[in-house]
Protein chains: 2
Amino acid sequence: MYVSMSRLRVAASESGALVDAFRARAHLVDDAPGFIDLEVWRSDRDPEEILRVSRWTARGAFAAYMRSDEHRASRGRIEPALQAAIKLERLEHPHTYEVVAT
Amino acid sequence: MYVSMSRLRVAASESGALVDAFRARAHLVDDAPGFIDLEVWRSDRDPEEILRVSRWTARGAFAAYMRSDEHRASRGRIEPALQAAIKLERLEHPHTYEVVAT
């Protein structure tokens, strides 16, 4: 199993709007081959810190999705005003992990 | 749902031993009230970075486990030599999150 984690930082005043945007997401990723699930986590100590965590059967499935039209469409749906409020930490690349034990 | 994430840093030469230790864990936590699951993630870009991620039905369940004898017993099982090789990042407190969207 393979995990992609993006750490987003957003002004506290925009934190609720970002969570709402995730709740209203188009679920385009859900049908991607090898996709398992996606969760959005918000720190209970720091509402500015939001993690987007997706799990995949294997690294190759995630890599294929990142190259897909669905991924581009998904990105395009976020409102520009909200997008501007988000700062991706350690920019561009998501952190990726193999699940090595359970 | 509630998530606790500890970021461990370990010398690359000890990374395999740490993963093995997690695979051989006593599963004492598995019967804790409110426990859902535990995964251990290792970065595929940086074998020194290992995340321990546990999910709970609610914050209170995690807090109760942290105060329990099972938690102390679980900690005590890690070999001192391996324990010495682990550096907990942003020490002591795990990062904790509410799952706000799926």
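None of the values given here were measured: they were computed from a predicted structure.

The rules behind the values
Residues numbered from 1 in each chain as written. Chains lettered and ligands numbered in written order. Predicted model: local features only at pLDDT ≥ 70, side-chain atom pairs only at ≥ 80, totals over all residues. Heavy atoms only, no water. Contact = heavy atoms within 4.5 Å. Buried area = accessible area lost by both parts, 1.4 Å probe. Salt bridge = Lys/Arg side-chain N within 4 Å of Asp/Glu carboxyl O. Polar contact = N/O pair within 3.5 Å; in protein donor to acceptor, adjacent residues only side chain to side chain. Helix = DSSP H or I, 4+ residues; strand = E, 2+ residues; numbered from the N terminus. Nonpolar A, V, L, I, M, F, W, Y, C, P; charged D, E, K, R; others polar. Pairing = 2+ DSSP bridges.

In this complex, chain A contributes 32 residues to the contact, which on the side of chain B involves 32 residues. Roughly 2900 Å² is buried in total at the junction of chain A and chain B, and carbon and sulfur atoms are behind 49% of that figure. At the junction of chain A and chain B, the tally comes to 4 salt bridges. Measuring nitrogen to oxygen at the nearest pair gives 3.4 Å for the salt bridge that ties A:D44 to B:R59. Our count for the chain A to chain B interface comes out at 20 residue pairs in polar contact (both at pLDDT 80 or more). Elements with a contribution of two residues or more to the side of chain A that touches chain B: strand 1 (2-10), helix 1 (12-23), strand 2 (35-43), strand 3 (49-56) and strand 5 (95-101) of chain A. Class assignment of the residues belonging to the side of chain A that touches chain B gives a composition of 16 nonpolar, 5 polar and 11 charged. As defined by bridge partners, strand 2 of chain A adjoins strand 5 (residues 95-101) of chain B across 4 bridges and the pair is classed as antiparallel. Counterpart to A:W41 in the pairing with strand 5 of chain B is B:V99.

Nothing here speaks to function; it is geometry throughout.
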